[in-house]
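Below are the chains, spelled out letter by letter.
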Amino acid sequence: MLTSIFVLYFALTLGLGLWRALRTKSQSDFVIGGSKLPGWMLALSERATGESAWLLLGFTGLVYGAGLSGVWVAVGCLCGISTAWILLARKFRQEAARYSAITMPEYFSAKFPSQAATIRLLSTVIIVFFFVFYVGAQFAGAGKTIFVTFGIDPFWGQIVACAVILAYATFGGFVSVVAVDAFQAILMIATLVVTPIVMLVKVAAGPVSLSQALAAAGPGVDSWTGGAGGFAAGLLIFNHFAWFFGYLGGQPQLNARFMGMRDDRQVRIGRNLAVGWTLAAYAGAILIGLSAIALFGHGTVADQEMILPTVLNRLFPPWLAGILLAGAVAAMVSTAESMLIVAGSSISQDLYNGILRKGRASDRTLLAVSRIATLSIGILGLALALTTDRLVYSIVSYAWAGIGCSFAPAILLSFYWKRFGARGVVTALLAGLLTTVVWISTGLDRTVTAMAVTFLVSIGSAAAVTILAPET
């Protein structure tokens, strides 16, 4: 039964993606859908893309392992997502239209032409480098889920997921990805709503309440600060909340949805749907992690990131478990495909056409380069997934810091500070890239998260350069 449902899911995903690929006729279609897609579809796509294996595997596992203190991550993400939709989405659409830009690097280079080539090159390096890690994390998550579900070696699980994604993402681009994402967002929210409801009913019928189970789970599990006090408690909350910074305009795969909006009315429709979806999704993920402690015991699942597949396999009939597990795989697929499109587009639009061809490449050539680059990034991501055993949560947090907290300061300052110029953009991107790599490679991230440090160093450096070396 489970096998049949998963085969049907992958067949539907592949069929929908390839069908929508027929509408991809130009580079603009491949990158942002030609700005023709409705707001509700882009909102569902943005949410499916933003909440990857990280939410359904990484975050549920974090709450299962850490307890109540993990809730601060959700608070940071919810605040960041709401801020992006309420304050930045409309601005992204307007700026993209004003500068005729279809990628973030293209927007920067059009607005700050004095350093256009440097901005395009640096932006592309950051996107490709960190997206390989991010895509690899999604493939790793898919491999884990398929292993727990079918007992199939994660090696083959990752290859299957990669093959399906690349088949339609390479040909259909943004148009195919958004259509598939909308379908997947519905599967994801179904999993995150139905699963905790069933779990809470079972907890209520059991001998131990949720609060009693948390208290008995071990030191700090029933504490909002993980049992820490004073400065340590504040640091824990700050580190968890720091996911907020990456949402402030710094995620190219999410910003592409804002840039692809038809008009401001579609932005408003998308905002309301996206914020409501996020509230329900994070509440569900938190309840899954906490309820699992009461139902199965704390630490009884060796790999905490497999708590959701374990719950579904133990508590639900095979046919329903298969449908809900498809929601978990959908999270991984939707994020991987979107990042592949952004990375491939950056190589074709910004590196190849913007720097090498000086804007003279034909639309047909650009579309071919985009497809080849997308396929290549996917293969690199698969190679990373097959050669690392790091947790999905760890890999995604590394990429989140490197991408989001490098681009977010540059976006915020370019939107809202008239004095900000090309030197500031280059400084923000370079400082963000170097800070992330150095901070994590030296182990300092274990004390203060790189997400916060990268954002603060990047925005501080960019502001200092803008003030001390103003452009004429």
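Bear in mind that the values here come from a model prediction, so they are computed numbers and not experimental data.

**Q** Quick rundown of the packing of helix H3 (residues 39-50) against helix H12 (residues 252-259)? Include the residues and the values.
**A** Relative to each other, H3 and H12 sit at 175°, their axes nearing to 9 Å. In terms of axis orientation, H3 runs roughly antiparallel to H12. From H3, Leu42, Ser45, Glu46, Thr49 and Gly50 reach across to H12, where they touch Gln253, Leu254, Arg257 and Phe258. Across the contact of H3 with H12, the residue classes tally to three nonpolar, four polar and two charged.

**Q** Tell me what's going on with the nonpolar core, and back it up with residues and numbers.
**A** Counting 123 residues, the largest nonpolar core has Trp54, Leu55, Phe59, Phe108 and Tyr282 as its most contacted members. With 15 residues, helix H17 (residues 392-416) is the single largest residue contributor to this core. In this structure Tyr282 touches Glu51, Trp54, Leu55, Phe59, Ala74, Cys77, Ile81 and Tyr247, once residues within four positions along its chain are discounted.

**Q** Please provide a residue-by-residue account of the packing of helix H5 (residues 71-98) against helix H13 (residues 264-296), values included.
**A** At their nearest, the axes of H5 and H13 sit 10 Å apart, and the two run at 170° to each other. Relative to H13, H5 is oriented roughly antiparallel. Touching Val71, Ala74, Cys77, Leu78, Ile81, Ser82, Trp85, Ile86, Ala89, Arg90, Arg93 and Gln94 of H5 are Asp264, Val267, Gly270, Arg271, Ala274, Val275, Thr278, Leu279, Tyr282 and Ile286, all from H13. Classifying every residue of the contact of H5 with H13 gives 14 nonpolar, four polar and four charged.

**Q** So what's going on with the packing of aromatic side chains? Which residues, and what values?
**A** Inspection of every chain in the model, using the stated rule, returns 18 aromatic pairs. Judged by centre distance (5.3 Å) and plane angle (70°), the rings of Phe129 and Phe133 are edge-to-face. With Phe129 and Phe133 both in helix H7 (residues 116-150), this residue pair falls four residues apart, about one helical turn. Classification of Phe129 as partly exposed rests on a relative accessible area of 35%. Where Trp417 meets Phe420, the ring centres are 6.5 Å apart and the plane angle is 20°; that geometry is what we call stacked. Judged by its relative accessible area of 5%, Phe420 falls in the buried class. Of the aromatic side chains, those joined through ring pairs into one cluster are Trp85, Phe92, Tyr99, Tyr107, Phe108, Phe258, Phe415 and Tyr416. Geometry around Phe296 places Arg314 over its ring, the cationic atom sitting 5.0 Å from the centre.

**Q** So, the pattern of salt bridges: which residues are in play, and what are the values?
**A** Per the counting criterion, the structure on display carries seven salt bridges. For Arg47, the salt bridge goes to Glu46, with nearest N and O atoms at 2.7 Å. Note on accessibility: Arg47 and Glu46 belong to one class, buried. Here Asp264 and Arg93 are joined by a salt bridge, their closest N and O atoms 3.0 Å apart. You can see Asp264 sitting in helix H13 and its partner Arg93 sitting in helix H5, a full 171 residues away along the chain. Considered together, Asp264 and Arg93 belong to a single accessibility category, that of buried residues.

**Q** Requested: an account of helix H6 (residues 104-111), with residues and values cited.
**A** Most of H6 sits out of view: six of its eight residues are buried. Residues of H6 that are buried: Met104, Pro105, Glu106, Tyr107, Phe108 and Ser109. The residue sitting at the N-terminus of H6 and contributing the capping side-chain oxygen is Thr103; that oxygen lies 3.1 Å from the backbone nitrogen of Glu106.

**Q** Let's hear about unusual backbone geometry: which residues, and what values?
**A** If you check the backbone angles, Ser100 has positive phi at about 50° while not being a glycine. Relative to the assigned elements, Ser100 resides in the loop between H5 and H6.

**Q** Please give an account of the side chain of Ser69 that cites residues and values.
**A** Counting through the fold element by element, Ser69 comes out in the loop between helix H4 (53-66) and H5. The exposure class of Ser69 is buried, given its relative accessible area of 3%.

Quick notes on the rules
Residues numbered from 1 in each chain as written. Predicted model: local features only at pLDDT ≥ 70, side-chain atom pairs only at ≥ 80, totals over all residues. Heavy atoms only, no water. Axes fitted to C-alpha atoms, helices over the stretch in contact; angles between N-to-C directions. Helix = DSSP H or I, 4+ residues; strand = E, 2+ residues; numbered from the N terminus. Parallel < 35°, antiparallel > 145°, perpendicular 65-115°, else oblique. Contact = heavy atoms within 4.5 Å. Nonpolar A, V, L, I, M, F, W, Y, C, P; charged D, E, K, R; others polar. Core = buried A, V, L, I, M, F, W, Y, C linked by side-chain atoms within 4.5 Å. Buried < 20%, exposed > 50% of the residue type's maximum accessible area, 1.4 Å probe, protein only. Phe/Tyr/Trp six-rings, centres within 6.5 Å; stacked < 30°, edge-to-face > 60°. Lys NZ or Arg CZ within 6 Å of the ring centre and 35° of its normal. Salt bridge = Lys/Arg side-chain N within 4 Å of Asp/Glu carboxyl O. Polar contact = N/O pair within 3.5 Å; in protein donor to acceptor, adjacent residues only side chain to side chain.

None of this, on its own, says anything about what the molecule does.
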